[in-house]
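As a plain string of letters, each chain reads:
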Amino acid sequence: MKKILVPRWVDQTNTNAQISNAKAMLSRFSNPDVQWTALNYESPDPAVAGRNNVQTRKLIHNGFWRCHTVLQYQATADAIFYPGGDWFEDWGRRLRRLTGRRVPMVATLEGLLGGADREQEYSEWAKHPVYCQRVEMKTLLRMDELYRRADHVIAISPFLAEMGRRRYGDKFSVVPLGINDSIFYSKDSSEVNARPRVVSAGTLQERKRPDIFVELAKRQPEADFVWYGGHGSSERESLLQRIEAEGISNLSFPGNVQPTELAEAFRSADLFVMPAVSEGVPKVTQEAAACGLPVVLFGYYEAHSVVDEANGYVVWDDDSFYARVAELLADAELRSRMGREGTTMAQEWSWDVIALRWEAQILEVVHR
């Protein structure tokens, strides 16, 4: 039996995107000849912990969990899947190499990191502007080291795979992320809100460009705007000060919600927008489409979740973003048609199917 370490938390209440992905996969992996091991800090998700082929290991509390994670990287394993980029995980991998127990490592590429120099390089390769998520240099160097040392990298889109191949070599494959279609599905009724409701979701931080969402609300007073996601007090306070100063009354930031609540919010809305320009493939856009919402996003990261003029609009500048949102808010029939198309597309994104593709790709690397 192959033993594969997945050094990700699988806590039940943790809604971090990568952790949610890991939980979705581990709860569906089915090969009887593989034993998966994941980590938990609080109570593990029952959907993962209840699997016969998944073992969970609880991390020590009281500030020692980072050291404990380093030790978990030393566990007996035939491969490592989904390693993270934190400094203590880097030390965990280094210690394993130094003690002569190197095993195949399968990483994932879910977005591009870097500064202006990398943006220019990626833009030249892609033949269109590309924007990176800004991180500290030490973080970027750790991630570079991770991708260089990985035996294989699974990218979540063809675009990311191509950018990865050019930077790190020909060791990339493509498997998209899935969605939980028992939670994210379209509503049965065709009711239309008296006031259209526009939603977005993501951590309330500068790179997600919530200021553009605020500007949308200011320009479209006939609609209501709601942004779901966690936030720091300073970011939220800054936005609230602007909202109050400009007299914007059709906008709210309810904070984090559980997936079931988010799905209900999507089903009661009319349109989903993604103002960010530096993304991988935002899974939330897939979830919104599955709930029957047309989606407006930017084309810089070539997300497969939106086909322009089919289930939404792909735009390349802020003016077009504002214009397309206004167009959709003015046309309920167009919203309905695009929403139905998104629901049809989402039938191919179920984790029940996608997780097995991830499992097959991982095991192909492990058995080489």
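Structure: see above.
The notes below deal with the structure included here. (Residues numbered from 1 in each chain as written. Predicted model: local features only at pLDDT ≥ 70, side-chain atom pairs only at ≥ 80, totals over all residues. Heavy atoms only, no water.)

### Concerning helix 7 (residues 158–168)
Of the positions making up helix 7, those classed as buried are F159, L160, A161, M163, G164 and Y168. Residues of helix 7 that are buried sit in contact with strand 5 (105–109), helix 5 (116–126), helix 6 (137–149), strand 6 (152–155) and strand 7 (172–174). Of the residues one or two after helix 7, G169 is the one with positive phi, at around 110°. (Buried < 20%, exposed > 50% of the residue type's maximum accessible area, 1.4 Å probe, protein only. Helix = DSSP H or I, 4+ residues; strand = E, 2+ residues; numbered from the N terminus. Contact = heavy atoms within 4.5 Å.)

### A look at the environment of E119
Among the secondary structure elements, E119 is positioned in helix 5. Along the primary structure E119 and C132 are separated by 13 residues, whereas in three dimensions their C-alpha atoms are 6.1 Å apart. When sequence neighbours within four positions are dropped, the list of residues in contact with E119 reads V130, Y131, C132 and R134.

### So, the sheet that holds strand 13 (residues 312–315)
Sheet architecture is open: 6 strands sit in the order 10-9-8-11-12-13, paired in parallel fashion. Both edges of this open sheet fall to strand 10 (251–255) and strand 13, since each of them pairs with a single strand only. Adjacent strand axes in the sheet meet at a mean angle of 20°, parallel and antiparallel pairs treated alike. Both strand 9 (residues 224–228) and strand 10 contribute to a ladder of 3 bridges, which runs parallel. Opposite F225, over in strand 10, you have L251 as the bridge partner. Against the sheet, helix 8 (residues 210–219) makes contact with strand 8 (197–201), strand 9, strand 10 and strand 11 (271–273), and its axis sits at roughly 165° relative to strand 9, the strand it touches most. Sheet strands touched by helix 11 (residues 283–290): strand 8, strand 11 and strand 12 (295–298). Its angle to strand 12, the strand with the most contacts, is close to 160°. (Pairing = 2+ DSSP bridges. Axes fitted to C-alpha atoms, helices over the stretch in contact; angles between N-to-C directions.)

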